[in-house]
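# Descriptive analysis of the structure
Here is how the chains run, residue by residue.
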Amino acid sequence: MMSTKQNFNDMVEKLREQRDDINVKIHLANMEVRDEWQELEQKWGQLVDKTKHFNKEVEPTVEGVHAAISLLGEEIKEGYRKVKRAL
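Values in this document were obtained by computation on a predicted structure and should not be read as measured data.

Cut-offs used in this document
- Residues numbered from 1 in each chain as written.
- Predicted model: local features only at pLDDT ≥ 70, side-chain atom pairs only at ≥ 80, totals over all residues.
- Heavy atoms only, no water.
- Helix = DSSP H or I, 4+ residues; strand = E, 2+ residues; numbered from the N terminus.
- Buried < 20%, exposed > 50% of the residue type's maximum accessible area, 1.4 Å probe, protein only.
- Contact = heavy atoms within 4.5 Å.
- Expected span 1.5 Å × (residues − 1).
- Core = buried A, V, L, I, M, F, W, Y, C linked by side-chain atoms within 4.5 Å.
- Axes fitted to C-alpha atoms, helices over the stretch in contact; angles between N-to-C directions.
- Parallel < 35°, antiparallel > 145°, perpendicular 65-115°, else oblique.
- Left-handed = near helix turned anticlockwise from the far one by under 90°.
- Polar contact = N/O pair within 3.5 Å; in protein donor to acceptor, adjacent residues only side chain to side chain.

All right, on to the overall build of the protein chain then. Within the protein chain, the secondary structure is distributed over three helices and zero strands. If you line up the protein chain on its principal axes, its C-alpha atoms span 45 × 15 × 15 Å. Taking all 87 residues of the protein chain together, the buried fraction comes to 31%. For the protein chain, the share of sequence-separated contacts (at least 6 apart) that also reach a separation of at least 24 residues comes to 77%.

An α-helical turn contains 3.6 residues, so any two residues separated by three or four positions project in the same direction. If you check helix α3 (residues 62-86), its first and last C-alpha atoms are 36 Å apart, about what 25 residues at 1.5 Å a residue would give, namely 36 Å. Within the span of α3, buried status applies to Val62, Val65, Ile69, Leu72, Gly73, Ile76, Gly79, Tyr80 and Val83.

Let us now look at the environment of Tyr80. Among the structural elements, Tyr80 can be located in helix α3. In the structure, Tyr80 is positioned 58 residues away from Ile22 in sequence and 7.8 Å away in space, judged by C-alpha atoms. With sequence-adjacent residues up to four places away left out, Tyr80 is seen in contact with Leu15, Gln18, Arg19, Ile22, Trp37, Leu40 and Trp44.

Moving on, we get to the nonpolar core. Membership of the largest hydrophobic core comes to 20 residues, with the highest contact counts inside it found for Leu15, Ile26, Trp44, Leu47, Ile69 and Tyr80. When residues of this core are assigned to their parent elements, the largest contribution, seven residues, is made by helix α2 (residues 31-56).

It is the contact of α2 with α3, at a shortest axis distance of 9 Å, that shows an interaxial angle of 155°. As summarised for this structure, α2 and α3 are arranged roughly antiparallel, according to the angle between their axes. Crossing angle aside, the handedness with which α2 passes α3 is left-handed.

Now for α2. Between the first and last C-alpha of α2 there are 38 Å, a value that for 26 residues agrees with the 38 Å anticipated at 1.5 Å per step. Listed in full, the buried residues belonging to α2 are Val33, Glu36, Trp37, Leu40, Trp44, Leu47, Val48, Thr51 and Phe54. Its side-chain oxygen at 3.1 Å from the backbone nitrogen of Glu32, Asn30 defines the N-terminal cap of α2.

What follows concerns the environment of Arg19. One can find Arg19 in helix α1 (residues 2-26). Counting along the chain gives 58 residues from Arg19 to Lys77, while the straight-line C-alpha distance between them is 9.6 Å. Contact partners of Arg19, with chain neighbours within four places excluded, come to Trp37, Glu41, Trp44 and Tyr80.

All we've got here are geometric facts, nothing functional implied.
Right, dumping it as structure tokens:
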């Protein structure tokens, strides 16, 4: 159970680093990229909220939360790749 929690925390930290890096560059981007960024920011908020919830209530709903957080993390990761390519 602890490794799953640590995996989520590691994923969030790596995404946070990518987010911070992109956020610095986003001010120079065009409107299409900014729109994509704003959508990703909403998903980022969801991921942080879900991760906090996961960390508080790990055991009862591990599988469902794991799937939802993993999917959301992958969507954000792919979105970051897309934004980076556009920059």
